[in-house]
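Architecture at a glance
Spelled out, the chains give:
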Amino acid sequence: MQTLLRGKHLISLQEWTKQDIDTALKTSSHLKMLFANNQPHRWLQDKTAFMMFFEQSTRTRNSLEAGITQLGGHAHDLTPDKMQLSHGESAKDTAMVLSRFGHAIAIRNCFYGIGNTYLQDVARWASVPVINLQDDLYHPLQALADLMTIQEKFGDNTSGLNVTISWAYATSHAKPLSVPLSQILLFTRYGMNVTVAAPKEFPLLPDIVNTAESNASSHGGNLRFVNEMDEGFRNAHVVIPKNWGGFAYTEDKDQMLANLSKYRNWICDERRMGIADPRAVYMHALPADRGNEVTDAVIDGPQSVVYDEAENRLHTVKGVIALTMGGRP
Ligand code: CP
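About the cut-offs
- Residues numbered from 1 in each chain as written.
- Predicted model: local features only at pLDDT ≥ 70, side-chain atom pairs only at ≥ 80, totals over all residues.
- Heavy atoms only, no water.
- Helix = DSSP H or I, 4+ residues; strand = E, 2+ residues; numbered from the N terminus.
- Buried < 20%, exposed > 50% of the residue type's maximum accessible area, 1.4 Å probe, protein only.
- Contact = heavy atoms within 4.5 Å.
- Near = heavy atom within 4 Å.
- Polar contact = N/O pair within 3.5 Å; in protein donor to acceptor, adjacent residues only side chain to side chain.
- 1 Å grid on protein atoms, 1.4 Å probe; cavity = no way out; pocket = protein on both sides within 12 Å on 5 of 7 lines; lining within 4 Å.
- Sits in = over half its atoms within 2 Å of the grid points.
- Nonpolar A, V, L, I, M, F, W, Y, C, P; charged D, E, K, R; others polar.
- Points joined across faces, edges and corners; volume = space filled by probe spheres on them.
- Core = buried A, V, L, I, M, F, W, Y, C linked by side-chain atoms within 4.5 Å.
- Arc of directions from axis to C-beta.
- Salt bridge = Lys/Arg side-chain N within 4 Å of Asp/Glu carboxyl O.
- Axes fitted to C-alpha atoms, helices over the stretch in contact; angles between N-to-C directions.
- Parallel < 35°, antiparallel > 145°, perpendicular 65-115°, else oblique.
- Left-handed = near helix turned anticlockwise from the far one by under 90°.
- Pairing = 2+ DSSP bridges.

**A short note on the environment of glycine 319**
Mapped onto the elements of the fold, glycine 319 is located in helix 12 (residues 306-324). Taking the relative accessible area as the measure of exposure, glycine 319 reaches 0% and is therefore buried. Residues glycine 319 and tyrosine 190, spaced 129 residues apart in sequence, show a C-alpha to C-alpha distance of 19 Å. Those residues in contact with glycine 319 that sit more than four places away from it in its chain are Ala24, Thr27, Ser28 and Leu31.

In structure tokens:
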């Protein structure tokens, strides 16, 4: 167990040791059991977190707000239009002032080339933990919930588990790279054989891929890339087909849309689930683009664990804030 997480930022799980992450997972499981048994766990009584959302959110916003309420604290739901940053107030001044008022600053800013820089700026000046609610590079709370879900389905020892992270077609919007990037970074530290399937116009970012490869070689895992969805699904125990934007290939929106239109057949359907291992589970961070990323038959079918995965967003964020905001049972 790591007992010294009080005050620690969570921008990317890569900055947390495996011991830190295992402590967060154990704490999350304990909180999940207390929640299931309706046992009070007001470990953050009278503590305040500020949530700044530059984009929409269902799971992240509500898991954090519900989670801190269940822990006895309170979250302020902020958007730029409610704050002076819409008139140009600096990250430093925002961080310094909110640090004087409360106990954590949590931010979602997914704008490509901007989000992570903004979070790093706030973290530099904040004297309370800064929690990443998703930026352009990382979504640590999603990756942590995904790892918890995989361990619940396959056991804590995930060495040798075949996990496929596949690009999928979507029309809803060009989704950030932060979910697949966080997953390849984290899963390779847990000995998994990670396959990324994606068309060549939708690559992941080379620097982060290099770090994930280094994680894999340090932890006995594997990271490979294929350009065919079917090939990616072969023998997979976990499939995570999801859209991401082609930001790492081109930032020209028209070109990205033209590239997207070439890959309408990258959908997770029952035929493709049949290529995976018979025990395979289907995961998705949600929101899913039904009919494009995945068929209803798969997402509503027996192999889908998407609602367990979404529920674990609540338990894992509670684990993270309980540890970093200094709660004591
Ligand atoms: N998976 C996820 O982060 O969902 P929201 O965008 O609804 O928060």
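That covers the picture; the talk isn't over yet.
**So, the site of the ligand**
Around the ligand sit Ser57, Thr58, Arg59, Thr60, Arg108, His139, Gln142, Ala285, Leu286 and Arg313, and those are all the residues in its vicinity. Here a nitrogen atom of the ligand and a backbone polar atom of leucine 286 are 2.8 Å apart. A distance of 3.2 Å separates an oxygen atom of the ligand from a polar atom in the side chain of arginine 313. The site holding the ligand turns out to be the largest pocket. Counted by class, the shell around the ligand contains 2 nonpolar, 5 polar and 3 charged residues.

**A word on the layout of surface pockets**
Considering only enclosed or pocket space, the largest pocket measures out at about 900 Å³ in volume. As for the largest pocket, its lining consists of 38 residues, of which Cys110, His173, Ala174, Lys175 and Pro176 are closest to the centre. At 4 residues, helix 9 (residues 253-261) tops the list of elements feeding residues into the lining of the largest pocket. Among the residues making up the lining of the largest pocket, the classes are represented as 16 nonpolar, 13 polar and 9 charged.

**Looking at the nonpolar core**
The nonpolar side chains of a soluble globular protein tend to be buried with one another. In terms of nonpolar packing, the biggest core is built from 86 residues, with Ile21, Trp167, Ile184, Phe187, Met192, Trp244 and Tyr282 touching the most fellow members. Leave out the neighbours within four places in its chain, and isoleucine 184 touches Ile165, Val194, Val196, Leu204, Ile208, Val209, Ala212 and Leu223. One finds Phe50, Val122, Ala126 and Val128 within the second-largest nonpolar core, a separate group that totals 18 residues.

**Re helix 4 (residues 115-125)**
Of all the residues in helix 4, the buried ones are Gly115, Asn116, Tyr118, Leu119, Val122 and Ala123. Here the buried residues of helix 4 occupy an arc of 160° about the axis, which is enough to place them on one side. Where helix 4 is buried, its residues touch strand 1 (48-53), helix 3 (91-101), strand 3 (104-109) and strand 4 (130-135).

**What to know about the pattern of salt bridges**
In the structure shown here, the tally under the stated rule is 13 salt bridges. Note that arginine 290 and aspartate 296 form a salt bridge whose closest N and O atoms lie 2.9 Å from each other. Given the relative accessible area of 37%, arginine 290 is considered partly exposed. Put simply, Lys200, Glu201 and Lys262 are held in one network by salt bridges that share partners.

**A few points about the packing of helix 6 (residues 178-187) against helix 7 (residues 206-219)**
Where helix 6 contacts helix 7, the two axes come as close as 8 Å, and the packing angle between them is 20°. With respect to each other, helix 6 and helix 7 are oriented roughly parallel. Between helix 6 and helix 7 lies a crossing whose hand is left-handed. Where helix 6 abuts helix 7, its residues Leu181, Ile184 and Leu185 lie against Ile208, Val209, Thr211, Ala212 and Asn215. Partitioning the contact of helix 6 with helix 7 into residue classes produces 6 nonpolar, 2 polar and no charged.

**Observations concerning the sheet that holds strand 3**
Reading across the sheet, the 4 strands line up as 2-1-3-4 and stay open at both edges, with parallel pairing between neighbours. Each having just a single partner strand, strand 2 (74-78) and strand 4 make up the two edges of the open sheet. Going from strand to strand, the sheet's axes swing by 15° on average, the running direction of each strand aside. When strand 3 meets strand 4, the two strands line up parallel, connected through 4 bridges. Bridged to asparagine 109 within strand 4 is aspartate 135.

**Re empty space enclosed by the protein**
Within this structure, the stated rule accounts for 2 cavities of 30 Å³ or more. Considering the residues around the largest cavity, the lining is formed by Ser12, Leu13, Gln14, Tyr138, Pro140, Ala143, Ser182, Leu185, Leu186 and Arg189. When residues of the lining of the largest cavity are traced back to their parent elements, those giving at least two are helix 5 (140-154) and helix 6. In this structure, the second largest cavity encloses a volume near 30 Å³. Lining the second largest cavity, in full, are Ile165, Val179, Pro180, Gln183, Ile240, Lys242 and Trp244. Taken together, the elements giving at least two residues each to the lining of the second largest cavity come down to helix 6 and strand 8 (238-242).

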